[in-house]
Amino acid sequence: MKILPLLVLPIVLMVSLGGCSLSEKYAANNSAGRTWVEAGKTGTARANFEGVYYSPEWGTVTLNQENGKIVGSLAHYHVSGVVSGKNVRLLLVDDQWVEFTMLLRRVSYEKLTGSYSGSVPHSDADSTPVTLLRIDN
């Protein structure tokens, strides 16, 4: 009977320490995402990305822009990013975790093209092309 408490203690310690490790992973992931986004701020915004778009891969995308900053939604992800020139860098966040990074360029009023990556920061090695088409006026 005294063996049971000895077995429970390591499990409790593992769960406690695992929480620290997970919060450290979240902090590192979010920091890497913010650093990547801010590194894309090389000039003033020369394009307006605000609007409602559609992508076959992602569904409806809503972007709001103010002073070169972007916020919005894409599928179930919260979107945030920055505009520099005619380009935007976006973080796609689910439950406080940056799951995807996205690079977009405004080709025309109706069309944004670029790529998304499951890497933070964005990586060309695993990037997938994406096109967003405006569906609002």
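Residues numbered from 1 in each chain as written. Predicted model: local features only at pLDDT ≥ 70, side-chain atom pairs only at ≥ 80, totals over all residues. Heavy atoms only, no water.

Novice: How would you summarise the overall build of the protein if you had to cite specific residues and measurements?
Specialist: Helix and strand content of the protein: 1 helix and 8 strands. Along the protein, helices (α) and strands (β) appear in the sequence α-β-β-β-β-β-β-β-β when read from the amino end. Buried positions account for 33% of the 137 residues belonging to the protein. Counting contacts in the protein only where the partners sit at least 6 residues apart, residues at least 24 apart contribute 38% of the total. Surface accessibility of the protein: about 8,200 Å² in total, with carbon and sulfur atoms responsible for 59%. (Helix = DSSP H or I, 4+ residues; strand = E, 2+ residues; numbered from the N terminus. Buried < 20%, exposed > 50% of the residue type's maximum accessible area, 1.4 Å probe, protein only. Contact = heavy atoms within 4.5 Å. Areas by Shrake-Rupley, 256 points an atom, 1.4 Å probe, with all protein chains shown as cover.)

Novice: Account for unusual backbone geometry, with residues named and values stated.
Specialist: Note the cis peptide between Val120 and Pro121, where omega equals 5 degrees. Structurally, the position occupied by Pro121 is in the loop between β7 (111-117) and β8 (128-134). Phi angles above zero are rare outside glycine, and Ala75 is one such case at about 55 degrees. Residue position: Ala75 is located in the loop between β3 (69-74) and β4 (77-84).

Novice: Describe the packing of aromatic side chains, listing the residues and the values that go with them.
Specialist: This model, assessed by the stated rule, comprises 6 aromatic pairs. The interplanar angle of 80 degrees and the centroid separation of 4.9 Å between the aromatic rings of Trp58 and Tyr116 together place this pair among those described as edge-to-face. Placement of the pair is Trp58 in the loop between β1 (51-55) and β2 (59-66) and Tyr116 in strand β7, with a sequence separation of 58 residues. Judged on exposure class, the residue Trp58 and its partner Tyr116 are both buried. Among the aromatic side chains, those forming a connected cluster through ring pairs are Trp58, Tyr77, Phe100 and Tyr116. (Phe/Tyr/Trp six-rings, centres within 6.5 Å; stacked < 30°, edge-to-face > 60°.)

Novice: Break down the environment of His76 for me, citing the residues and quoting the values.
Specialist: Along the chain, His76 turns up in the loop between β3 and β4. Note: C-alpha distance between His76 and Thr60 (16 residues apart in sequence) is 9.9 Å.

On their own, these measurements won't tell you what the molecule is for.
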